[in-house]
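Residues per chain are reported as follows:
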Amino acid sequence: MKQGVKGFADTEDDFRFLDAPLHADVARLTEYWHQKRGTRAMPDRSDIVPGDIVGLLPNLVIYDVIEGGNDYRVRIFGTALVSLVGEERTGMLVSEFGAKCVPPTDASAVRHRWLASMTAAFATGQPAFVTGLMSSSRRPYIVWHGASCPLSDGSGKITQIIGIMTVDQ
């Protein structure tokens, strides 16, 4: 098992943690997150204004933290993500991802990747950057990039994660 960023292990050759974003849209979300956080450890959910990041919205996802970070429920799942992964995930737990993908996918790999990214952000209180080859919809020729960035409830406690997933064109 390779050692990933921040102590989180990469368990697949086609999935890895990064020290910094490689994709411009992932960098834009991260810059926005840092801008909104200011001098605090992280921004509050109420600091995030969708109109500020309109161009990123189709690729964004917002999760609620469930059971202290043991799972995450999707509050918002961008339209581009639905097309990309072949499954509408709004309202789903991450532990349920991949079961209804069209075409079928490796659900365990999908769940592992999303959970690993969010768990890293939740555990460190910092953005987690990941990249890999697409396992959803059996398209391993597509390179995707993502980030998970923690959000506070106003008290400093992480209650949500804002994320992005995009692909190389």
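Structure first, text after, so check above.
Calculation rules
Residues numbered from 1 in each chain as written. Predicted model: local features only at pLDDT ≥ 70, side-chain atom pairs only at ≥ 80, totals over all residues. Heavy atoms only, no water. Salt bridge = Lys/Arg side-chain N within 4 Å of Asp/Glu carboxyl O. Core = buried A, V, L, I, M, F, W, Y, C linked by side-chain atoms within 4.5 Å. Buried < 20%, exposed > 50% of the residue type's maximum accessible area, 1.4 Å probe, protein only. Contact = heavy atoms within 4.5 Å. Helix = DSSP H or I, 4+ residues; strand = E, 2+ residues; numbered from the N terminus.

**Concerning the pattern of salt bridges**
In step 1: Applying the stated criterion across every chain, the model contains 6 salt bridges.
In step 2: Residues D47 and R40 are paired through a salt bridge, measuring 2.6 Å at the closest nitrogen-oxygen approach.
In step 3: Connected through salt bridges with shared partners, the residues R40, D44 and D47 form a single ionic network.

**With respect to the nonpolar core**
In step 1: Y63, F97, W114, I161, I162 and M165 are the most contacted members of the largest nonpolar core, which has 46 residues in total.
In step 2: With residues up to four places along the chain from it excluded, the contact list for F97 reads Y63, V74, E87, R89, M92, A107, V110, R111 and W114.

**Considerations on unusual backbone geometry**
In step 1: One non-glycine residue, E67, adopts positive backbone phi at about 50°.
In step 2: Structurally, the position occupied by E67 is in the loop between β4 (60-66) and β5 (71-77).
In step 3: What makes E67 exposed here is its relative accessible area of 60%.

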